[in-house]
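These are the residues of each chain, in order.
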Amino acid sequence: MCTLAIYFRVFPDYPVVVAANRDEYLDRPALPPTVLGDRPRIIGGKDLRASGTWLGINEHGLVAGLLNRRLAESGPNDANLRSRGLLCLDALRHSSAPDAAHFLATQRARDYNAFNLLLASREAAFVAYNRSGEIEIVELTPGMHLLTNADVNDFECPRISRSYSRFAELGHREDFARDPVARRADLADLLADHSTQLDARTGRPNSLCLHLGEYGTRSSSLIFMGRDSATVKHFFAAGPPCTTAYEPAAIP
């Protein structure tokens, strides 16, 4: 399970701010943010097993972030289906969130295992759900939203119920709202939280920064999309945010 927080049109100078942890098996090979495409130019982490991405940005100011839905809802994954990470990369070939959302709405749900896919640009933001045999597109209103392996802002998810107010309060803080890039360490601290509650649906730990032996938080990303295309800030921690520093990462 991964965690993705988005502040959409909350801050005047940064209409899109994304903070995300990637949870994955520790032995699954991957690259940190790198060039994934040139027309348009796309930057994102690369999964070396299936060649897709879990989080990327393109030169038009589109952010796409992929999260798998929980297995108890969708059943076991089918390894023969197309990679969800490749679909995330397909979405990043579009020029805006509405265009990418329209593209996703035309895809066949049965070609992929269940997923949540965030699409956000400066003007609009959506979540595409692949669940119950169909792809549903939900538009996000301006504000702070949290997404894990269930629906957006689903308070039945322990990590959302515990951390939603913390992310929301940070967004209302005057110093953070004035310059979220300068105060990014405060956002990173939230992603490093180990306050673990058992998920009643699975009986497993459910913290934002997860350590479960061979599985856990592999990396973390902070993306700040400014009002114009020249202002994009991208930071990447190549390990769990509790122990790994964020470093400036490539931008399109």
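Above this text you will find the structure in question.
The sections below set out a description of the structure shown in this document.

## Quick look at the packing of helix α4 (residues 158-172) against helix α6 (residues 184-191)
Think of two packed helices as two axes; the pair is described by the angle between the axes and how far apart they sit.
Item 1. Close contact between α4 and α6 brings their axes to 11 Å; oriented N to C, the two are set at 175°. Here α6 runs roughly antiparallel to α4, going by the angle between their axes. In this structure, α4 contributes Arg-166, Phe-167 and Leu-170 to the contact, and α6 contributes Asp-186, Leu-187, Leu-190 and Leu-191.

## Regarding the packing of aromatic side chains
Item 1. Overall, the coordinates contain eight aromatic pairs when judged by the stated rule.
Item 2. Ring centres of Phe-224 and Phe-235 lie 6.1 Å apart, and the angle between their planes is 80°; this geometry places the pair in the edge-to-face category. Note that Phe-224 is positioned in strand β12 (residues 215-225) and Phe-235 in strand β13 (residues 232-237), a separation of eleven residues in sequence.
Item 3. A relative accessible area of 0% places Phe-224 in the buried class.
Item 4. Members of the aromatic cluster, joined through ring pairs, are Tyr-7, Phe-11 and Phe-176.
Item 5. The ring centre of Trp-54 lies 3.9 Å from the NZ or CZ of Arg-22, which sits over that ring.
Item 6. The cationic tip of Arg-184 hangs over the ring face of Phe-235; the distance from NZ or CZ to the ring centre is 4.0 Å.

## Side note on the sheet that holds strand β3 (residues 30-38)
In any sheet, the strands associate via hydrogen bonds between backbone groups, in a parallel or an antiparallel arrangement.
Item 1. Taken in spatial order, the seven strands line up as β3-β4-β5-β6-β7-β8-β9 in an open sheet, and their pairing is antiparallel. In this open sheet, the two strands that pair with only one neighbour each are β3 and β9 (134-139). Each adjacent strand pair in this sheet contributes to an overall mean axis angle of 20°, direction not counted.
Item 2. Sheet analysis places strand β8 (residues 125-131) next to β9, joined by six bridges and oriented antiparallel.

## So, α4
Item 1. Over its 15 residues, α4 runs 22 Å from end to end, which matches the ideal 21 Å to within 8%, given 1.5 Å per residue.
Item 2. The largest bend along α4 reaches roughly 35° and is located at Tyr-164.
Item 3. Looking at α4, one finds that the buried residues are Pro-158, Arg-159, Ile-160, Ser-163, Phe-167, Ala-168, Leu-170 and Gly-171.
Item 4. Taken together, the buried residues of α4 touch β1 (3-8), β2 (16-25), β10 (143-147), α5 (174-178) and α6.

## Things to note about helix α3 (residues 97-105)
Item 1. Of all the positions in α3, only Ala-97, Ala-100, Ala-101, Phe-103 and Leu-104 are classed as buried. Down the axis, α3 shows its buried residues gathered within 160° of arc, on one side only.
Item 2. Next to the buried residues of α3 lie α2 (84-91), β7 (115-120), β8 and β9.
Item 3. Measuring from the backbone nitrogen of Asp-99 back to the side-chain oxygen at the start of α3 gives 3.2 Å, which picks out Ser-96 as the cap.

## Side note on the pattern of salt bridges
Item 1. Summed over the entire model, instances satisfying the criterion amount to 17 salt bridges.
Item 2. Its salt-bridge partner being Arg-159, residue Asp-23 comes within 3.5 Å of it at the nearest N-O pair. Remark: Arg-159 occurs in helix α4 and Asp-23 occurs in strand β2; sequence separation between them is 136 residues.
Item 3. Since its relative accessible area comes to 2%, Arg-159 is described here as buried.
Item 4. We note a salt bridge from Asp-186 to Arg-173, for which the minimum N-O separation is 2.6 Å. Of this pair, Asp-186 sits in helix α6 while Arg-173 sits in the loop between α4 and α5, and the two are 13 residues apart along the sequence.
Item 5. Owing to a relative accessible area of 18%, Asp-186 belongs among the buried residues under this scheme.

## Points about the environment of Tyr-164
Item 1. Mapped onto the secondary structure, Tyr-164 falls in helix α4.
Item 2. It is 7.9 Å that separates the C-alpha atoms of Tyr-164 and Asn-153, two residues lying eleven residues apart in sequence.
Item 3. In contact with Tyr-164, other than residues within four places in its own chain, are Met-144, Leu-146, Asn-153 and Phe-155.

The rules behind each value
One numbering rule holds for all chains: residues counted from 1, following each sequence as written. Where local features are concerned, this predicted model is filtered to residues with pLDDT of at least 70; where side-chain atom pairs are given and counted, the filter is 80 or more; whole-chain, interface and lining totals use all residues. Side-chain descriptors were evaluated using all non-hydrogen atoms of the structure, hydrogens and water having been removed beforehand. Fitting a line to C-alpha atoms yields each axis, with helices limited to the stretch in contact; the angle taken between N-to-C directions then spans 0 to 180 degrees. By definition, any uninterrupted DSSP run of H or I lasting at least four residues is a helix, any uninterrupted run of E lasting at least two residues is a strand, and each is numbered from the N terminus. For classification purposes, angles smaller than 35 degrees are called roughly parallel, those larger than 145 roughly antiparallel, those between 65 and 115 roughly perpendicular, and all remaining angles oblique. Two residues form a contact once any of their heavy atoms are found within 4.5 Å. Any Phe, Tyr or Trp ring, taking Trp's six-membered ring, that has another such ring centre within 6.5 Å forms a pair; planes under 30 degrees apart are called stacked, those over 60 apart edge-to-face, and the others tilted. To sort residues, take the accessible area from a 1.4 Å probe on protein chains only and compare it with the maximum for the residue type: under 20% means buried, over 50% means exposed, and anything in between is partly exposed. By the criterion adopted, a ring carries a charge over it if an Arg CZ or a Lys NZ lies within 6 Å of its centre and within 35 degrees of its normal. Two strands qualify as a pair provided DSSP detects at least 2 bridges between them. An expected span of 1.5 Å times one less than the residue number is assigned to each helix. Here the bend at each residue means the angle between axes fitted to two seven-residue stretches, the one ending at that residue and the one beginning there. Working definition: the arc comes from the directions between the helix axis and the C-beta atoms, pointing outward to the latter. In the analysis that follows, any N or O atom pair within 3.5 Å is treated as a polar contact, provided that within protein one partner can donate a hydrogen and the other can accept it, and provided that, for residues neighboring in sequence, both atoms belong to side chains. Whenever Lys or Arg places a side-chain nitrogen within 4 Å of a carboxyl oxygen from Asp or Glu, that contact is recorded as a salt bridge.

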